[in-house]
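What follows is the residue order along each chain.
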Amino acid sequence: MKIKIRKTDSVAILDLSGKLMGGPDADVFKDTIKQLIEEGYKNVIVNLEHVPWVNSTGLGILIAGYTTLKREGGALKLIHVTDRIESILMITKLGTIFESYSEEQQALDSFSG
Amino acid sequence: MLEVSIPGSIEYLPLVDTVCQAFCRWAGIDSEVADQIAMAAVEGATNAVVHGNKCQRSKKVRVLFEKTRDRIMVSVADEGEGFDPDRVPDPTEADNLMKESGRGIFIMKQVMDRVEFEQRETGGTLVRMAKQIDFGGGRILCVDYGHKRLGLALSDEMGVTAQPLGKIEEEAEEDQLKAVEKAAAENEVSEIVVGLPLTMKGHVSRSASRVIAFARELKKRLCIPIVTWDERLSTRESEQLLIEAGLTRSKRKGVVDSVAAAVILQSYLDARSKK
């Protein structure tokens, strides 16, 4: 998995690409979130457009990011969730936890609202 | 049947996904269902690598994919110390929802129709998963086993009618098995029925135990279901059919094996359609 970081004034957008499946990915993702918090970014959008699948460990990574940001008073939201990931979120009932949007702009607006 | 063996390291997990997807594509399964099966296979392999083999590279995880007439089976074996699947809590309960781990088995059970765990005597855990798939029938081959001759019959694609196919005249078991294997491959059969000569009281006769051994041998060679079917009366019934058809005794002898196989197969098909 690779992470590309884009930033607006108050929101960081993480463009993930590749399969999200734990192991080294977990550390990379956690470090990225930690770094963003240090820089003052507490609101993060995770773009899953180029993530073909997430396994249970990958879900754990997203949850860790979500919990960390929430503790800081921020939020982690998802965009471009593919059908396959949507179904795993539904099965695990995590669809009720993660806010997700089909467009990046909608997600950005949701933070300023 | 397809088997992959990966070292106990998570970087190989995507390979299980790739292989599973390829296997499902080969089996003609649509992509949505293939995704589910792959999801379960990867979760099984993840558990095997992380919890079973404790991420020790030297310990292998074997994943076996099988296609039968009506299901896809995925088995995952590790070389770890085993675990108790019943002690894994429900990850969708409110208290567990935000936990970072513990979803693997739950996902497997959600997307597959059957998930079983077995602690192997040789060490390690074996997880067997199955998903029912409607492959839309396929031909069934029937074998009427005889010591010197084997009668063969074949069903139509829909599994409704049985037709005599011919006979195998081999005495050595190895040759008989090879001939049945060849007939199964040539006709792309999805299942084999072997006529079982029970005694009139329903006991297993001596010839029946030979048939059972033959069916077991077939099972080892082919990855399609091999079933045995009570053939009582069918040989006499088929002889009767031929007498009615006006064949002489000598001609009858030549075709009776395959006709007997057809009669056995027809009774199997009829019983199956009543289910």
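Residues numbered from 1 in each chain as written. Chains lettered and ligands numbered in written order. Predicted model: local features only at pLDDT ≥ 70, side-chain atom pairs only at ≥ 80, totals over all residues.

(A) Representation of the overall build of chain A within the structure. The secondary structure content of chain A amounts to four helices and five strands. Along the chain direction, N to C, the helices and strands of chain A fall in the order β-β-α-β-α-β-α-β-α. Considering only residue pairs separated by 6 or more positions, chain A has 73% of its internal contacts joining residues 24 or more positions apart. (Helix = DSSP H or I, 4+ residues; strand = E, 2+ residues; numbered from the N terminus. Contact = placed C-beta atoms within 7 Å.)

(B) Representation of the environment of Lys219 of chain B. Considering the arrangement of structural elements, one finds Lys219 of chain B in helix α5 (residues 206–221). Sequence separation of Lys219 of chain B and Ile192 of chain B is 27 residues, and the distance between their C-alpha atoms is 9.4 Å.

(C) Main features of the sheet that holds strand β4 (residues 75–79) of chain A. Residue and element names in this part refer to chain A. Read from one edge of the open sheet, five strands run β1-β2-β3-β4-β5, paired in mixed fashion. Lying at the two open borders of the sheet, with one neighbouring strand each, are β1 (2–7) and β5 (99–101). Averaged over all adjacent pairs, the angle separating strand axes in this sheet is 25 degrees, with direction ignored. Sheet topology note: the strand β2 (residues 11–17)/strand β3 (residues 43–50) ladder contains six bridges and is parallel. Residue pairing across strands places Ser17 opposite His50, the latter belonging to β3. Where helix α2 (residues 56–71) meets the sheet, it contacts β3 and β4, and its direction lies at approximately 140 degrees from that of β4. (Pairing = 2+ DSSP bridges. Axes fitted to C-alpha atoms, helices over the stretch in contact; angles between N-to-C directions.)

(D) Region of the structure containing the packing of helix α1 (residues 13–26) of chain B against helix α2 (residues 31–52) of chain B. Residue and element names in this part refer to chain B. Following both chains from N to C, one finds α1 and α2 inclined at 150 degrees, their axes separated by 9 Å at the closest point. Considering how the two elements wind past one another, α1 and α2 form a crossing that is right-handed. Facing α1, whose interface residues are Leu13, Val16, Asp17, Cys20, Gln21, Cys24 and Arg25, α2 presents Ala34, Ile37, Ala38, Ala41, Val42, Ala45, Thr46 and Val49. The residue inventory of the contact of α1 with α2, partitioned by class, reads eleven nonpolar, two polar and two charged. (Left-handed = near helix turned anticlockwise from the far one by under 90°. Nonpolar A, V, L, I, M, F, W, Y, C, P; charged D, E, K, R; others polar.)

(E) Main features of the interface of chain A and chain B. Counting residues at the interface gives 19 residues for chain A and 21 residues for chain B. If you list the elements that add at least two residues to the side of chain A that touches chain B, you get α2 and α3 (83–91) of chain A. Counting residues per element, the side of chain A that touches chain B draws most heavily on α2 of chain A, which supplies seven residues. Looking at the side of chain A that touches chain B, its residues break down into eight nonpolar, eight polar and three charged.

(F) Spatial organisation of helix α4 (residues 173–186) of chain B. All names here are of chain B. Taking 1.5 Å per residue as the helical rise, α4 with its 14 residues ought to reach 20 Å, and the 20 Å between its terminal C-alpha atoms agrees with that figure. Within α4, burial applies to Gln176, Val180 and Ala184. In an axial view of α4, the angular spread of the buried residues amounts to 70 degrees, which keeps them on one side of the axis. Facing away from the buried side of α4 by more than 90 degrees, the exposed set consists of Glu174, Asp175, Lys182, Ala185 and Glu186. Buried positions along α4 lie against β6 (139–144), β7 (150–155), β8 (162–168), β9 (189–196) and α5. Of the residues one or two after α4, Glu188 is the one with positive phi, at around 45 degrees. (Expected span 1.5 Å × (residues − 1). Buried ≥ 20, exposed ≤ 12 C-beta atoms within 10 Å, placed from the backbone. Arc of directions from axis to C-beta.)

(G) Quick peek at the nonpolar core. Val44 of chain A together with Ala40, Ala41, Ala45 and Val74 of chain B are the most contacted members of the largest nonpolar core, which has 69 residues in total. Per-element accounting of this core gives the leading share, ten residues, to α2 of chain B. Each residue touching Val74 of chain B, except ones within four places of it in the same chain, is listed here: Ile37, Ala40, Ala41, Gly44, Val63, Phe65 and Met129 of chain B. Grouped together as the second largest cluster of nonpolar side chains are 32 residues, Val143, Ala162, Val211 and Ala261 of chain B included. (Core = buried A, V, L, I, M, F, W, Y, C linked by C-beta atoms within 7 Å.)

(H) Local environment of the confidence of the model for chain B. Of the residues in chain B, 89% reach a pLDDT of 70 or more, and the chain-wide mean stands at 87. Scored as a complex, the prediction yields pTM 0.63 and ipTM 0.84. (pLDDT = per-residue confidence, 0-100.)

(I) Main features of unusual backbone geometry. The phi angle at Lys93 of chain A is positive, at roughly 60 degrees, despite the residue not being glycine. With respect to the helices and strands, the residue Lys93 of chain A is situated in the loop between α3 and β5. By C-beta crowding, Lys93 of chain A is classed as partly exposed, having 16 other C-beta atoms within 10 Å. Positive phi values are uncommon outside glycine, yet Lys54 of chain B reaches one of about 50 degrees. With respect to the helices and strands, Lys54 of chain B occurs in the loop between α2 and β2 (60–67).

(J) Examining the pairing of strand β5 (residues 125–132) of chain B more closely. Residue and element names in this part refer to chain B. As defined by bridge partners, strand β3 (residues 71–77) adjoins β5 across seven bridges and the pair is classed as antiparallel. Within the sheet, the bridge partner assigned to Arg71 lies in β5 and is Gln132. Judged from the six bridges that link them, strand β4 (residues 114–119) and β5 form a sheet pairing that is antiparallel. From the neighbouring strand, Glu116 faces β5, where its bridge partner is Arg128. Joining the antiparallel neighbours β4 and β5 is a turn of five residues, in which Gly123 adopts a positive phi near 100 degrees.

(K) Region of interest: the environment of Asp78 of chain B. All names here are of chain B. Summarising the element assignment, Asp78 is placed in the loop between β3 and α3 (104–111). As for Asp78 and Gly52, which are separated by 26 residues in sequence, their C-alpha atoms are 5.9 Å apart. Those residues in contact with Asp78, other than ones at most four positions away along the chain, are Ala48, Gly52, Asn53, Lys59, Val61, Gly124 and Thr125.

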